[in-house]
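The lines below spell out each chain.
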Amino acid sequence: MKSVNMYDIGTYVAEIYDQNENYIDDVLLIKKHLNNKKINILEPFCGTGRISLPFAEEGHEVVGIDNAKGMLALYAKKVKNRNVPSNKVKLINRDVLNYKWPEKFDLVILGGNCFYELATKEEQELCIKKAYNSLNNGGYIYIDNNHMEGDLDPSWQQKGIVRKSLCGITDDGSTVETTMETIWYDVKKRLAKFKRRGKVIKSNGEIIESQYIQQKHPVSAYEVQLWLKKYNFDIIKKYGDRKGGPYSNDSPRAIFWGRKQLKGQARDGSLY
């Protein structure tokens, strides 16, 4: 069994991801803030393009970064199938943490629980710092995560239970099954490690299997708010769901729409 990210088993797992993650309410929420203006968008953790590809279809220029070759391969295929001009989308296969993000963007999207792909709060904070460096003055940032405050949620503490994750049948008839099993956690530090397994039974009977260990830190709204302020972002809006509902302690999500401070302007809008 190979030790490899399951998202790099061709485009098989990526296809099942698309079957499960097909909502567009976050895309519509972002669009409400754009006022029909054509902008440059950077999406680290872009995956198969669920969020950023619709913007390219509308004429915005999009750059996507992702470490998973299988996800980017499906993104590129969708760009071609939807006849999106090639100059509207640039895809970069790199590790977002160890790669210098390109600059001069009007919007950075950190959506779809992408912070859950990172092992520590330090890595998550680094992404906000990188976003600041990639944005034009006055540029915007969108951050969307589950709303999980306090100690590690009990659902992340269920050791020894193998849970099915992404499962289904691809367009070519291949069967995909992925699982997740908690193998370690630290309640106070809000950390957990998982054994991830992926299995693909191709339509010709060939079997491909993979496994790897992944650590996650469920970021809190409190942490995100601190990091945004630390790196000179003004928090313009804070939502509790992808429909744009108000944020509260009981909200299912913690969504931030922030703006990189203009040079010469204080947080309250006054000049220095």
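Analysis parameters
- Residues numbered from 1 in each chain as written.
- Predicted model: local features only at pLDDT ≥ 70, side-chain atom pairs only at ≥ 80, totals over all residues.
- Heavy atoms only, no water.
- Helix = DSSP H or I, 4+ residues; strand = E, 2+ residues; numbered from the N terminus.
- Rg over C-alpha atoms; globule rule 2.2 N^0.38 Å.
- Buried < 20%, exposed > 50% of the residue type's maximum accessible area, 1.4 Å probe, protein only.
- Contact = heavy atoms within 4.5 Å.
- Areas by Shrake-Rupley, 256 points an atom, 1.4 Å probe, with all protein chains shown as cover.
- Lys, Arg positive; Asp, Glu negative; His and termini not counted.
- Charge placed at Lys NZ, Arg CZ, Asp CG, Glu CD.
- Salt bridge = Lys/Arg side-chain N within 4 Å of Asp/Glu carboxyl O.
- Axes fitted to C-alpha atoms, helices over the stretch in contact; angles between N-to-C directions.
- Parallel < 35°, antiparallel > 145°, perpendicular 65-115°, else oblique.
- Left-handed = near helix turned anticlockwise from the far one by under 90°.
- Nonpolar A, V, L, I, M, F, W, Y, C, P; charged D, E, K, R; others polar.
- Core = buried A, V, L, I, M, F, W, Y, C linked by side-chain atoms within 4.5 Å.

Asks: How would you sum up the overall build of the protein chain? Please name residues and give values.
Replies: The secondary structure content of the protein chain amounts to six helices and 11 strands. In terms of overall size, the protein chain behaves like a compact globule, its C-alpha atoms giving a radius of gyration of 19 Å where 272 residues would be expected to give roughly 19 Å. Across its three principal axes, the protein chain shows a C-alpha extent of roughly 65 × 50 × 35 Å. Taking all 272 residues of the protein chain together, 50% fall into the buried category. Intrachain contacts of the protein chain at a sequence separation of at least 6 include 68% that bridge at least 24 residues. On the protein chain, roughly 13,400 Å² of surface is accessible, and the fraction owed to carbon and sulfur atoms is 47%. Within the protein chain, the 34 negative side-chain charges are centred at a point lying 3 Å from the centre of the 43 positive side-chain charges.

Asks: I'd like a rundown of the pattern of salt bridges, residues and numbers included.
Replies: Opposite charge on two side chains allows them to pair when their charged atoms are near. Scanning all chains against the criterion turns up 11 salt bridges. The salt bridge partner of Lys100 is Glu103, with a shortest N-O separation of 2.9 Å. We classify Glu103 as partly exposed; its relative accessible area is 44%. Among the ionic contacts, a cluster of salt bridges with common partners joins Asp144, Arg242 and Arg253.

Asks: Can you explain the packing of helix H1 (residues 12-20) against helix H4 (residues 69-81)? Please cite residues and give values.
Replies: Contact pair H1 / H4: the axes reach a minimum separation of 8 Å and the direction vectors enclose 65°. One way to sum up the angle between H1 and H4 is to call them roughly perpendicular. Between H1 and H4 the crossing geometry is right-handed. Contacts from Ala14, Glu15, Tyr17 and Asp18 of H1 reach H4 at Gly70, Met71, Leu74 and Lys78. Tallied by class, residues from the contact of H1 with H4 come to four nonpolar, one polar and three charged.

Asks: Requested: an account of the packing of helix H5 (residues 121-134) against helix H6 (residues 221-230), with residues and values cited.
Replies: With their axes 10 Å apart at the nearest point, H5 and H6 run at an angle of 40° to one another. As judged from the angle between their axes, H5 and H6 are oblique. The way H5 lies across H6 gives a crossing that is right-handed. Of the residues in H6, those in contact with Lys121, Gln124, Glu125 and Ile128 of H5 are Glu223, Val224, Trp227, Leu228 and Lys230. Residue composition of the contact of H5 with H6, by class: four nonpolar, one polar and four charged.

Asks: Before we move on, can you summarise the nonpolar core with the specific residues and values?
Replies: Formed by 30 residues in total, the largest nonpolar core has its most connected members in Trp101, Leu110, Phe115, Ile128, Ile141, Ile143 and Leu228. Contributing elements (two or more residues each) for this core: strand E2 (61-66), strand E4 (105-110), H5, strand E5 (135-146), H6 and strand E11 (253-260). If you tally residues by element for this core, the top one is H6, at four residues. When near neighbours in sequence (up to four residues on either side) are disregarded, Ile141 contacts Leu107, Val108, Leu110, Ala131, Leu135, Leu228, Phe233, Phe256, Trp257 and Gly258. The next biggest cluster of nonpolar side chains, apart from the first, holds 23 residues, and it includes Cys46, Ile51, Val62 and Leu107.

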